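So you can see what is in the structure, the chains are spelled out below.
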Amino acid sequence: MAFSSKLKTESITACVAVADAASWYCAIVLVVLILMGSTREQNYVQSSLDVRVNQLSRRPCDEIYVVGEGETLHTISDKCGDPFIVEQNPHIHDPDDVFPGLVIKITPSQLAKSW
């Protein structure tokens, strides 16, 4: 009987060891899958944002333009193809005093409209 009892104890110990190892492998696989999923989501969000920015930057300028963060009259002129922004907007007294939210009138040249 002692031999049979010892054999059962070793068998149970071996089963517990196998189950413990299997659970560790499953935990590792789960962590890897979670990490892979999160990086894929970040890449998807970044690529969606890049596409949106490209669409907005290629959008033609409207006749009424709202100045954005970091824009100058020079960058707006290049973007919209209007070299006469100051002349067409008498409310702009100083070309260096342009701020986000300022509303200006744009008259794009024919070259800028062909973009």
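Before any of the text, the structure's been laid out above.
Residues numbered from 1 in each chain as written. Predicted model: local features only at pLDDT ≥ 70, side-chain atom pairs only at ≥ 80, totals over all residues. Heavy atoms only, no water.

Caption draft 1: Representation of the environment of N89. Tracing the backbone shows N89 in the loop between α3 (85-88) and β2 (103-105). Those residues in contact with N89 that sit more than four places away from it in its chain are I104 and K105. Within the local environment of N89, its side chain forms a polar contact with the backbone nitrogen of K105, the two atoms lying 2.7 Å apart. (Helix = DSSP H or I, 4+ residues; strand = E, 2+ residues; numbered from the N terminus. Contact = heavy atoms within 4.5 Å. Polar contact = N/O pair within 3.5 Å; in protein donor to acceptor, adjacent residues only side chain to side chain.)

Caption draft 2: Focus on the pattern of salt bridges. Inspection of the entire model under this criterion finds one salt bridge. The shortest N-O distance in the salt bridge between E71 and K79 comes to 3.9 Å. Using a relative accessible area of 33% as the deciding quantity, one classes K79 as partly exposed. (Salt bridge = Lys/Arg side-chain N within 4 Å of Asp/Glu carboxyl O. Buried < 20%, exposed > 50% of the residue type's maximum accessible area, 1.4 Å probe, protein only.)

Caption draft 3: Main features of the state of the cysteines. Scanning the model with the defined rule gives one disulfide in all. The disulfide that involves C61 links it to C80, with 1.9 Å between the sulfurs. Torsion about the S-S bond of the C61 and C80 cystine: about -75°, corresponding to left-handed handedness. Linking C61 in the loop between α1 (2-58) and β1 (64-66) with C80 in helix α2 (residues 73-80), this pair joins segments that are 19 residues apart in sequence. C61 gets classed as buried once you look at its relative accessible area, which sits at 16%. Assessed through its relative accessible area of 2%, C80 is described here as buried. (Disulfide = S-S within 2.5 Å.)

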